[in-house]
Amino acid sequence: MPEAINIISVNCGSSSIKFSIFKILEKSVKNNPLLNIERTGFGKIEEIGTPFGEYHFETKNKNYAAKLNFKNHIEAINFMLRKLGLHHNSSNSSNIKIKEFRKNGLNASALKIDIVAHRFVNGGKYFNEPIIASKKNIVKLSKLDELAPLHNPSSLKGLEIMAEYMPNAKQVCIFDTAFHKNIPLCAKLYPIPIDYYIKYNIKKFGFHGISYSYINEILNLNRGAIKKIAVCHLGNGASICAIKNGASIDTSMGYTPLEGLMMGTRSGNLDPSIPFILQEKLNISGSEMYNILNKKSGVLGISGKTYDFKELLNYKDKYSKLAFKMYAYRVIKFIGQYAASMNGLDALVFTGGIGENSSLLRKEVGGNLSYLGIKIDNKKNKEASQYFQTFNAHGKIKVNKSIKSIGTGKTPVFVIHTDEERQMASEALNLVF
Ligand code: ADP
């Protein structure tokens, strides 16, 4: 291995790919890598499979962006590898039409990657820890598609392509479900015949685990150990996790990400009989119903306008206002549930696009939690959002005890920017070294 180790974290979503490149000196790798890795670049590919595809990549001083029409993840990853100079053939030999609209001196440089960290949403029954993607493990990974059909197949595709182009790099897989592995059975199982758990492994897997691990570690580094924490990861997908003594003891997503909170397009919890009744009334199949609950419900379903929370706040009609109230109400209820599960609450954390940016949502939620010793300070609450709008993702993380509560009650409330790619790189280094 060289003196400096380069890692790329690849986070494949259903229609997007986020990626970040990190560097660490070999001599620092045995210390906590999370503290010593330095982000040297990050990028995003969005709207894969639509005519509105976009590619962005930036380093501290340079940036590049282009509009493209990526048919699928394979095309998108191939393009990314070419742009980063990691492809066998670094010219644009494919027939993708590129409209470059922002180019500030960024050329593909001869970057040598030593480790690729891939995000897998669900490790299923096989994987509860980060793993090296050996041939044997890849066969097992391919059996997990049905557990996360929107995510795992794209992650596996990404892994296969990158392994082909970077045969000397270690390919590591990091699982969101791993953080939830120790949830006690009483919280993990559903009250249906026990055979379904024994035979089919029907249980709560939980998601957003990479984000929860990161938040847990950042809090620990900045504030020391906190016993009972509720973390609200509120993005397009949303969940809450109860972290007791550093481990997840319950979380709101379940066997699939459909359970729990109301989300951008997912319903979250509802009376389990409703889908059966609606299927009959609407004369639709089970998979059509499943699609409605996953893609047409939540904020989009209630507002009828948008799934996007930032946009929702611009609408003043009664159903958009109701969508906001319903969203907040469900967050409030889950925090209460988890305070009960942990027999108390020592800290509340907001993260994810909505959690980090919407002071309005935090105010609405915090305003209903005075019984837990939570009192949100209006000024600090607003400033927290401004901080995250200017958040600089480059370089190393700073541990300077700077994370301050946005509340004045006895239970602190933190707004922490999550960084799943950084956490993945750190976990991959811990595995390889
Ligand atoms: P993903 O789950 O896809 O990673 P993010 O964590 O990026 O999603 O969160 C996306 C959500 O955050 C969107 O609903 C977006 O509207 C919302 N969001 C982003 N900025 C703001 C803001 N300033 N106010 C309210 N919501 C915001």
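Attention in this report is confined to the structure presented alongside it. Note that residues are indexed from 1 along each chain, following the sequence as it is written. Only residues with pLDDT of at least 70 are given local features in this predicted model, and only at 80 or more are side-chain atom pairs given and counted; all residues enter the totals for whole chains, interfaces and linings. Hydrogens and water molecules were not included; the side-chain quantities draw on all heavy atoms of the structure.

A short note on the nonpolar core
Moving on, step 1. The set of buried Ala, Val, Leu, Ile, Met, Phe, Trp, Tyr and Cys residues whose side-chain atoms join them within 4.5 Å is what this entry labels a nonpolar core. Summary of the burial criterion: residues with accessible area below 20% of their type's maximum are buried, those above 50% are exposed, and those between are partly exposed, where the area comes from a 1.4 Å probe applied to protein chains only. If you look at the biggest cluster of nonpolar residues, it comprises 55 residues, and the most contacted ones within it are Leu-234, Tyr-327, Ile-335 and Leu-348.
Moving on, step 2. The biggest single contributor to this core is helix H12 (residues 318-342), with 11 residues.
Moving on, step 3. Contacts: residue pairs with any heavy atoms within 4.5 Å of one another. Excluding residues that lie within four positions of it along the chain, Leu-234 makes contacts with Ser-239, Leu-261, Tyr-327, Val-331, Phe-350, Thr-351, Gly-352, Gly-353, Ile-354, Gly-355 and Leu-361.
Moving on, step 4. If you look at the next biggest cluster of nonpolar residues, it comprises 28 residues, including Ile-77, Met-80, Met-162 and Tyr-165. Helix and strand assignments follow DSSP, with helices taken as H or I runs no shorter than four residues and strands as E runs no shorter than two, numbered in order from the N terminus.

With respect to the site of the ligand
Moving on, step 1. The environment of the ligand is made up of 13 residues, and the closest members are Asn-236, Asp-308, Phe-309, Lys-310 and Gly-353.
Moving on, step 2. Within the side chain of Lys-18, a nitrogen or oxygen atom sits 3.3 Å from an oxygen atom of the ligand.
Moving on, step 3. Taking Gly-353, its main chain carries an N or O atom lying 2.9 Å from an oxygen atom of the ligand.
Moving on, step 4. Protein chains bury 73% of the 580 Å² of accessible surface belonging to the ligand in isolation.
Moving on, step 5. Of all the elements in the fold, those that place two or more residues in the shell around the ligand are helix H11 (309-312) and helix H13 (352-357).
Moving on, step 6. Across the shell around the ligand, the residue classes tally to 3 nonpolar, 7 polar and 3 charged. Near is defined per residue: the residue qualifies when any heavy atom it owns lies within 4 Å of the molecule or strand. Pairing of N or O atoms within 3.5 Å defines a polar contact, subject to two protein rules: one partner must be a possible hydrogen donor and the other a possible acceptor, and residues neighboring in sequence count only if both atoms are side-chain atoms. Each accessible area is a Shrake-Rupley estimate made with a 1.4 Å probe; only the visible protein chains count as cover when residues are assessed. All amino acids are sorted into three groups, where Ala, Val, Leu, Ile, Met, Phe, Trp, Tyr, Cys and Pro are nonpolar, Asp, Glu, Lys and Arg are charged, and the leftover types, Gly among them, are polar.

A short note on the pairing of strand S3 (residues 38-46)
Moving on, step 1. Only when DSSP finds a minimum of two bridges between them are two strands counted as paired. As defined by bridge partners, strand S2 (residues 17-25) adjoins S3 across 7 bridges and the pair is classed as antiparallel. For Phe-19, the partnering residue across the bridge sits in S3 and is Gly-43.
Moving on, step 2. In textbook terms, the turn of a hairpin is the stretch between consecutive antiparallel strands, and for S3 and strand S4 (residues 53-58) this stretch comprises 6 residues, one of which, Glu-47, has a positive phi near 55°.

Focus: a nonpolar patch on the surface
Moving on, step 1. A surface patch of nonpolar side chains, amounting to about 290 Å² of accessible area, comprises Leu-270, Ile-274, Leu-278 and Leu-282.
Moving on, step 2. Of note, Ile-274 is situated in helix H8 (residues 274-282). Here, patches come from residues exposed beyond 30% relative accessible area and free of salt bridges, joined within 9 Å for like charges and within 5 Å for nonpolar side chains (Val, Leu, Ile, Met, Phe, Trp, Tyr). Salt bridges are defined by distance alone: a side-chain nitrogen of Lys or Arg within 4 Å of a carboxyl oxygen of Asp or Glu.

Some words on unusual backbone geometry
Moving on, step 1. The phi dihedral of His-208 falls on the positive side, at around 60°, and the residue is not glycine.
Moving on, step 2. Topologically, His-208 is positioned in the loop between helix H6 (195-200) and helix H7 (209-223).
Moving on, step 3. For His-208, a relative accessible area of 10% translates into the label buried.
Moving on, step 4. Residue Asn-283 is not a glycine yet carries a positive backbone phi of 55°.
Moving on, step 5. Secondary-structure assignment places Asn-283 in the loop between H8 and helix H9 (286-295).
Moving on, step 6. Of the residues examined, Asn-283 reaches a relative accessible area of 71% and is grouped as exposed.

Some words on the sheet that holds strand S14 (residues 413-415)
Where strands meet in a sheet, backbone hydrogen bonds hold them as pairs that are either parallel or antiparallel.
Moving on, step 1. With mixed pairing, 5 strands are arranged side by side in an open sheet as S12-S11-S10-S13-S14. Each edge of the sheet is formed by a strand with only one pairing partner; in this case those strands are strand S12 (247-251) and S14. With direction set aside, neighbouring strand axes in the sheet form an average angle of 25°.
Moving on, step 2. In this structure, strand S10 (residues 228-234) lies alongside strand S11 (residues 238-244), joined through 7 bridges in antiparallel fashion. Axis geometry follows a simple rule: fit a line to the C-alpha atoms, using only the stretch in contact for helices, then measure angles between N-to-C directions, giving values from 0 to 180 degrees.

Structural notes on the layout of surface pockets
Moving on, step 1. When its volume is computed, the second largest pocket comes out at roughly 1,100 Å³.
Moving on, step 2. Of all the secondary structure elements, the ones that give two or more residues to the lining of the second largest pocket are H8 and H9.
Moving on, step 3. If you tally residues by element for the lining of the second largest pocket, the top one is H9, at 8 residues.
Moving on, step 4. Looking at the lining of the second largest pocket residue by residue, the class counts come to 17 nonpolar, 11 polar and 4 charged. Here a cavity means grid points, on a 1 Å grid over the protein atoms only, where a 1.4 Å probe fits yet cannot get out; a pocket means an open set of points with protein on both sides within 12 Å along at least five of seven lines; lining residues are those with an atom within 4 Å of a point. Grid points are joined across faces, edges and corners, and a volume is the space filled by probe spheres set on the points.

A few points about helix H14 (residues 359-366)
Moving on, step 1. Looking at H14, one finds that the buried residues are Ser-359, Leu-361, Arg-362, Val-365 and Gly-366. Axial view of H14: buried residues confined to an arc of 160°, hence all on one face. Our arc is simply the arc of the directions from the helix axis toward the C-beta atoms.

A word on the side chain of Ser-267
Moving on, step 1. With respect to the helices and strands, Ser-267 occurs in the loop between S12 and H8.
Moving on, step 2. The exposure class assigned to Ser-267 is buried, which follows from its relative accessible area of 13%.
Moving on, step 3. Beyond its immediate sequence surroundings of up to four residues, Ser-267 is in contact with Leu-258, Leu-261, Met-262, Leu-293, Ser-297 and Gly-298.

Thoughts on the packing of H8 against H9
Moving on, step 1. Taken N-terminus to C-terminus, the directions of H8 and H9 make an angle of 120°; their axes are 10 Å apart at the nearest point. Looking at the two axes, H8 sits oblique to H9. Crossing geometry of H8 relative to H9 is assigned as right-handed. Residues Pro-275, Leu-278 and Gln-279 of H8 form the contact with H9, whose own contacting residues are Gly-286, Met-289 and Leu-293.
Moving on, step 2. Considered class by class, the residues forming the contact of H8 with H9 number 4 nonpolar, 2 polar and no charged. Each angle gets one of four labels, with under 35 degrees taken as roughly parallel, over 145 as roughly antiparallel, 65 to 115 as roughly perpendicular, and the rest as oblique. It is the rotation of the near helix from the far one that decides the hand of a crossing: anticlockwise by less than a right angle makes it left-handed, clockwise makes it right-handed.

Focus: the pairing of strand S13 (residues 347-351)
Moving on, step 1. By the criterion of burial, S13 is predominantly enclosed, with 5 of the 5 residues buried.
Moving on, step 2. The alternating pattern of S13 places Ala-347, Val-349 and Thr-351 on one face and Leu-348 and Phe-350 on the opposite face, and all of these are buried.
Moving on, step 3. Bridging between S10 and S13 involves 5 bridges; their strand directions are parallel. Of the residues in S13, the one forming a bridge with His-233 is Thr-351.

Describing the packing of aromatic side chains
Moving on, step 1. Stacked, edge-to-face and tilted labels apply to pairs of Phe, Tyr and Trp rings (six-membered ring for Trp) whose centres lie within 6.5 Å, assigned for plane angles under 30 degrees, over 60, and everything in between, in that order. Inspection of every chain in the model, using the stated rule, returns 13 aromatic pairs.
Moving on, step 2. Measuring from centroid to centroid gives 5.0 Å for Tyr-55 and Phe-79, while their planes differ by 80°, and the two rings are edge-to-face. Of the two residues, Tyr-55 is situated in strand S4 and Phe-79 in helix H2 (residues 73-83); the sequence distance between them amounts to 24 residues. As far as the burial class goes, Tyr-55 and Phe-79 line up, both buried.
Moving on, step 3. The rule for a charge over a ring is simple: NZ of Lys or CZ of Arg within 6 Å of the ring centre, and within 35 degrees of the ring normal. Taking NZ or CZ as reference, Lys-305 lies 5.7 Å from the ring centre of Tyr-315, over its face.

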